[in-house]
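Structural overview
Take a look at the letters that make up each chain.
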Amino acid sequence: AQKITQTQPGMFVQEKEAVTLDCTYDTSDQSYGLFWYKQPSSGEMIFLIYQGSYDEQNATEGRYSLNFQKARKSANLVISASQLGDSAMYFCAMRERNTGGFKTIFGAGTRLFVKA
Amino acid sequence: DSGVTQTPKHLITATGQRVTLRCSPRSGDLSVYWYQQSLDQGLQFLIQYYNGEERAKGNILERFSAQQFPDLHSELNLSSLELGDSALYFCASKGSQETQYFGPGTRLLVL
């Protein structure tokens with residue numbers, strides 16, 4: 001069963017506008033973590049933001065914020081004031097316990113295109 | 001620059017061969033994670049090591065193995081390579097915070 005679902009394979013946004021990238025997750029753990037990563041065309045994976053399952057406030061990091069709705073099991077990424085350099089692939093991920101450690105499960109990703 | 005290094009950057013080899021990918025984590029990070037990114041499977045977690053011990057296993061094939069050495073660097077060994085093993089292999093390291101910092105990846109092409 002798909003544990004991380006990103007329903008938007010591709011998104012377009014006008015420069016300087018805000019955009020929301022959707023992510024829903026499925027877990028029976030009470031303690032888990034949610035991440036967003038950016039992968040530009042160069043291939044590296046860049047950490048953007050983290051939300052713990054017990055964090056009551058939505059995480060924010062500069063222009064990135066995570067809209068965490070625990071009951072709905074959603075963790076949408078909001079990028080404010082989009083820039084051309086934001087064009088990239090964005091992955092939602094969940095960290096959950098696995099035997100003696102943790103594993104991280106990634107969604108299929110959303111490709112964001114920022115238009116000038 | 002995440003502080004995580006991976007070598008080699010690119011690797012081209014033939015089916016049936018064996019290769020070793022190397023990862024050096026950020027200074028002080030005890031955890032190393034390995035991932036495979038391919039077009040058809042996306043990003044898949046393979047295995048996690050913490051201070052030399054295997055801690056978690058994902059979708060890692062039996063032909064693949066890994067280890068973490070006393071100096072905390074890690075190696076991923078891929079043997080009896082098949083065309084489908086062509087992918088981008090990432091390692092990531094993690095310290096006391098939750099964030100995993102990814103290395104630049106090793107792009108493996110099996111011909």
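Residues numbered from 1 in each chain as written. Chains lettered and ligands numbered in written order. Predicted model: local features only at pLDDT ≥ 70, side-chain atom pairs only at ≥ 80, totals over all residues. Heavy atoms only, no water.

**A few points about the overall build of chain B**
Of regular secondary structure, chain B possesses zero helices and eleven strands. Ordered by position from the N terminus, the helices and strands of chain B form the series β-β-β-β-β-β-β-β-β-β-β. Since a compact globule built from 111 residues should have a radius of gyration of about 13 Å, the 13 Å found for chain B is in line with a globular shape. Each principal axis of the C-alpha distribution contributes one length, and for chain B these read about 40 × 25 × 25 Å. A burial count over chain B gives 50% of its 111 residues as buried. Considering only contacts in chain B between residues 6 or more positions apart, those separated by 24 or more positions represent 52%. A gap of 3 Å separates the mean positions of the 9 positive and 11 negative side-chain charges of chain B. (Helix = DSSP H or I, 4+ residues; strand = E, 2+ residues; numbered from the N terminus. Rg over C-alpha atoms; globule rule 2.2 N^0.38 Å. Buried < 20%, exposed > 50% of the residue type's maximum accessible area, 1.4 Å probe, protein only. Contact = heavy atoms within 4.5 Å. Lys, Arg positive; Asp, Glu negative; His and termini not counted. Charge placed at Lys NZ, Arg CZ, Asp CG, Glu CD.)

**Examining unusual backbone geometry**
Between T7 of chain B and the following residue, P8 of chain B, the backbone shows a cis peptide bond with an omega angle of -10 degrees. You will see that A81 of chain A, though not glycine, has its phi angle at about 45 degrees, which is positive. Overall, the relative accessible area of 38% leaves A81 of chain A in the partly exposed class.

**Structural notes on the nonpolar core**
The nonpolar side chains of soluble globular proteins are, as a tendency, buried together. The biggest cluster of nonpolar side chains holds 26 residues, and the ones touching the most others in it are L21, Y25, W36, I49, L77, Y90 and L112 of chain A. Contributions of two or more residues to this core are made by strand 2 (10–14), strand 3 (19–21), strand 5 (33–39), strand 6 (46–52), strand 8 (64–69), strand 9 (74–79), strand 10 (88–98) and strand 12 (110–115) of chain A. Considering each element in turn, this core owes the most residues, four residues, to strand 10 of chain A. Residues in contact with L77 of chain A, not counting those within four places in the same chain, are V19, T20, L21, W36, L48, I49, Y64, S65 and Y90 of chain A. With 21 residues, the next largest nonpolar core counts C23, L46, I47 and Y49 of chain B among its residues. (Core = buried A, V, L, I, M, F, W, Y, C linked by side-chain atoms within 4.5 Å.)

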